[in-house]
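What follows is the residue order along each chain.
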Amino acid sequence: MEFYLSGHFKMSNDVSDAKEDLDDFFSDANDGLLKRGAPKGCGAKILSWGVRDNKILIEISSDRYVRAHDAMLRLRKPLSDLLGKKYRIGVRGIEIEQFRISVEAKEPIESKIPFVKESRYEDGKLVLELEVSQSEIQDRIPDRILTLLDEKLADYGGKKEHWELLWESEPKEFKFKLDPTEQLVKKRWILHGSSRGQWIYGPQVTKVFRTFEKIVEKEILKPLEYSEMIFPKIVTWDVWKKTGHAKGIYPEMYYICTPKTRDPKFWEEVIDYYKVTNEVPLELIKEKIDYPIGGMCYAQCPPFWPFLQGETLPDDIFPIKIFDRSGTSHRYESGGIHGMERVDEFHRIELVWIGTKKQVIDHSKKLQKRYTRIFNDILDLQWRSAWVTPWFMAQEGLTGLSEEKESGTIDYEAILPYNNTWLEFQNLSVNGDKYPKGFNVKLQSGKELWSGCSGIGLERWASAFFSQNGLDSNDWPDEFKKKVGDLKEIFKFL
């Protein structure tokens, strides 16, 4: 990795009289200041310097250890001290005229990278020409560009996600091998809503959903002493920046924009256009709404965390176990929508637990046992569980495993007999200290604070259940049949 920077220091006055002192300063910097902290023989080097009016012109080359932009920043204060004391001249600022980074690469990249005005591939190297100012180098923008570049050169998005089988149930014989969504539509138990990936659920499926909720309440929420909360369903950028979602959810989120103003006069032409044409003027509306403030609920637990943000909490209140079931989640599914299995609008019960590392891991084990009982004894599913790329990494666009082996995600998958594929219908994550650190939440004792979460998706449970057990309640497991009761036909159509 090589860096080249040319630019100048803007001075408060002509520095021509200080040439001799500057020559000594830059010579000493090459031998000391610009090598500090780097291995022997490494660091930055001033290739040339000069004076023109109120400017000190400079060229710097470097390796990865003392990067050229860091070298420029290192020089500023001692340069200011030298010229201020003897010549009463101050450094007003830094201007970057050319900043080039060369990195070894097997192939060019096609992506447009922020602050890169030009990229080219030469002799096995990727060469980036950056357009940055003093503000950007102080904010470490070049370093973040390099981190992003490392991800792209490693084909980060193309890495295979981790999947490791933990447990699998015995194979079952299935009487029903049809696509359950198609059959549910034929029976008019569900119907497409007006939006993409959205369903209207009739009384029968709604009753099945509510039965799932009662099972969760009896088997998990009450015995494990969960308390209910209501989490926001509009999530702002500041929350997603702290949780890490802002790194990668843009292709899959539903954005929220507010009107620029509520003034009826401002919206009069939109209203009048509709009255005249009976058409909604989308292009006109686009001009009258503000930038997105964030998006609709994508992952259910992040908007809870501002409730604890910046607080120090006593140890004796933990572990805390809470859940939310107050509204829908929304995700523009990049893999395409299909039936009830993959939708844009879905319903979940979100479980969140918080405590010390031991408390969080112990609770995860209890929850795993509860899920096993539900899936085996009540829903009678053929299913398996796997250790996978952690949920909190996957939703940031990352792959692989977390560094902390005791944190991570378990996916529960059910076989779909109609197409012989596995559906992830449940997950459980130990998120480590990710969220407490992101929101600066601390324990009074100073111990590490951890959290976990598990989203119970009603559509996914229903897809797994209907796929394996069909729509005839006579074929359903006895335990579930008792709980759901009769499914009456409410509507008739002529």
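Everything below is about the structure printed above this text.
Now for a look at the structure at hand. This structure is a prediction, so every number in the text was calculated from the model and none was measured.

Cut-off values and rules
Residues numbered from 1 in each chain as written. Predicted model: local features only at pLDDT ≥ 70, side-chain atom pairs only at ≥ 80, totals over all residues. Heavy atoms only, no water. Helix = DSSP H or I, 4+ residues; strand = E, 2+ residues; numbered from the N terminus. Rg over C-alpha atoms; globule rule 2.2 N^0.38 Å. Buried < 20%, exposed > 50% of the residue type's maximum accessible area, 1.4 Å probe, protein only. Contact = heavy atoms within 4.5 Å. Areas by Shrake-Rupley, 256 points an atom, 1.4 Å probe, with all protein chains shown as cover. Lys, Arg positive; Asp, Glu negative; His and termini not counted. Charge placed at Lys NZ, Arg CZ, Asp CG, Glu CD. Patch = residues over 30% accessible without salt bridge, like charges linked within 9 Å, V, L, I, M, F, W, Y side chains within 5 Å. Salt bridge = Lys/Arg side-chain N within 4 Å of Asp/Glu carboxyl O. Pairing = 2+ DSSP bridges. Axes fitted to C-alpha atoms, helices over the stretch in contact; angles between N-to-C directions. Expected span 1.5 Å × (residues − 1). Core = buried A, V, L, I, M, F, W, Y, C linked by side-chain atoms within 4.5 Å. Polar contact = N/O pair within 3.5 Å; in protein donor to acceptor, adjacent residues only side chain to side chain.

### Some points on the overall build of the protein
At step 1: Helices and strands together make up the secondary structure of the protein, namely 14 helices and 22 strands.
At step 2: What you see for the protein is a C-alpha radius of gyration of 30 Å, clearly larger than the 23 Å of a compact globule of 494 residues, by over 25%.
At step 3: Overall, the C-alpha framework of the protein stretches about 95 × 65 × 50 Å when taken along its three principal axes.
At step 4: In the protein, which comprises 494 residues, the share counted as buried stands at 48%.
At step 5: Within the protein, contacts between residues at least 6 apart in sequence are counted, and of these 72% link residues at least 24 apart.
At step 6: For the protein, the exposed area adds up to about 26,100 Å²; of that, 48% sits on carbon and sulfur atoms.
At step 7: Taking the average location of the 74 positive side-chain charges in the protein and that of its 80 negative ones, the two points are 3 Å from each other.

### Re a negative patch on the surface
At step 1: A surface patch of negative charge is lined by Glu20, Asp23, Asp24, Asp28 and Asp31.
At step 2: With respect to the helices and strands, Asp24 occurs in helix α1 (residues 19–31).

### A look at the sheet that holds strand β3 (residues 55–62)
The strands making up a sheet are joined through hydrogen bonds of the backbone, oriented either antiparallel or parallel.
At step 1: An order of β2-β3-β1-β4-β6-β5 is seen for the 6 strands of this open sheet, with the pairing classed as antiparallel. Each edge of the open sheet is held by one strand with a lone partner, namely β2 (44–52) and β5 (116–122). The sheet shows a mean angle of 15 degrees between the axes of neighbouring strands, taken without regard to direction.
At step 2: Pairing of β5 with strand β6 (residues 125–130), which is carried by 6 bridges, proceeds in the antiparallel orientation. Of the residues in β6, the one forming a bridge with Glu122 is Lys125.
At step 3: Seen against the sheet, helix α2 (residues 68–87) touches β1 (2–11), β2, β3 and β4 (91–104) and runs at an angle of roughly 30 degrees to β1.

### Describing the sheet that holds strand β13 (residues 289–296)
At step 1: The sheet built from 3 strands is open, its strands ordered β11-β13-β12 with antiparallel pairing. Sheet topology places β11 (234–236) and β12 (255–259) at the edges, where each strand pairs with a single neighbour. The mean angle between the axes of side-by-side strands here comes to 55 degrees, regardless of whether they run parallel or antiparallel.
At step 2: Two strands pair when backbone bridges link them, and β11 and β13 are joined in this way by 3 bridges, in the antiparallel orientation. Counted as the bridge partner of Val235 is Gly295 from β13.

### Side note on helix α4 (residues 141–153)
Helical geometry: 3.6 residues make up each α-helical turn, so side chains three or four residues apart lie on a common side.
At step 1: A rise of 1.5 Å per residue sets the reference length of α4, with its 13 residues, at 18 Å; its end C-alpha atoms lie 18 Å apart and thus fit the reference within 8%.
At step 2: Those residues of α4 lying buried are Ile141, Pro142, Asp143, Ile145, Leu146 and Leu149.
At step 3: For α4, the elements touching its buried residues are β1, α2, β4, β5, β6 and α3 (134–138).

### A few points about the pattern of salt bridges
At step 1: In total, this model carries 26 salt bridges according to the counting rule given.
At step 2: A salt bridge links Lys265 to Glu268; its shortest N-O distance comes to 3.1 Å.
At step 3: Overlapping salt bridges bring together Arg67, Asp70, Arg140 and Asp143 as one network.

### Some details on the environment of Asn278
At step 1: Examined against the element boundaries, Asn278 turns out to sit in the loop between α8 (268–277) and α9 (282–288).
At step 2: Along the sequence, Asn278 and Cys297 sit 19 residues apart, while their C-alpha atoms lie 32 Å from each other.

### Section: the environment of Leu83
At step 1: Residue position: Leu83 is located in helix α2.
At step 2: Given the relative accessible area of 0%, Leu83 is considered buried.
At step 3: Separated by 15 residues in the primary sequence, Leu83 and Gln98 have C-alpha atoms spaced 25 Å apart.
At step 4: Aside from chain neighbours lying at most four places away, what touches Leu83 is Met11, Val15, Ala18, Leu22, Ile56, Arg88 and Ile89.

### Side note on unusual backbone geometry
Most peptide bonds adopt trans geometry, and most residues besides glycine take a negative phi value.
At step 1: Residues Phe318 and Pro319 are joined by a peptide bond in cis, for which omega reads 5 degrees.
At step 2: Of note in this structure, Glu225 is not a glycine but carries a positive phi near 60 degrees.
At step 3: The class of Glu225 is exposed, set by a relative accessible area of 59%.

### What about the nonpolar core?
At step 1: If you look at the biggest cluster of nonpolar residues, it comprises 55 residues, and the most contacted ones within it are Ile220, Leu351 and Leu379.
At step 2: Ranked by residue count, the leading element in this core is helix α6 (residues 203–221), at 8 residues.
At step 3: When near neighbours in sequence (up to four residues on either side) are disregarded, Leu379 contacts Phe212, Ile215, Ile374, Trp461, Phe465, Asn469, Pro477 and Phe480.
At step 4: Judged by nonpolar contacts, the second largest core, of 47 residues, contains Ala18, Val51, Ala68 and Val132.

### Remarks on α1
At step 1: In this model, α1 (13 residues) spans 19 Å end to end at C-alpha, consistent with the 18 Å of a helix rising 1.5 Å per residue.
At step 2: Taken as a whole, α1 has its buried residues at Asp21, Leu22, Phe25, Phe26, Ala29 and Asn30.
At step 3: The elements touched by buried residues of α1 are β2, β3 and α2.

### Re the pairing of strand β20 (residues 421–432)
At step 1: β20 sits mainly inside the fold: 9 of its 12 residues count as buried.
At step 2: As judged from the 9 bridges shared by strand β19 (residues 408–416) and β20, these two strands associate in the antiparallel manner. Pairing of Leu416 across the sheet is with Thr421, part of β20.
At step 3: The antiparallel hairpin formed by β19 and β20 contains 4 residues in its connecting segment, where Asn420 sits at a positive phi of about 55 degrees.
At step 4: Direction of pairing for β20 relative to strand β22 (residues 449–457): antiparallel, over a ladder of 3 bridges. Following the sheet pairing, Gly432 is matched in β22 by Ser451.

### Section: the side chain of His245
At step 1: Looking at the element boundaries, His245 is found in the loop between α7 (237–243) and β12.
At step 2: A distance of 2.7 Å separates the side chain of His245 from the side chain of Thr243, its partner in a polar contact.

By themselves, these are just geometric observations and shouldn't be taken as functional.
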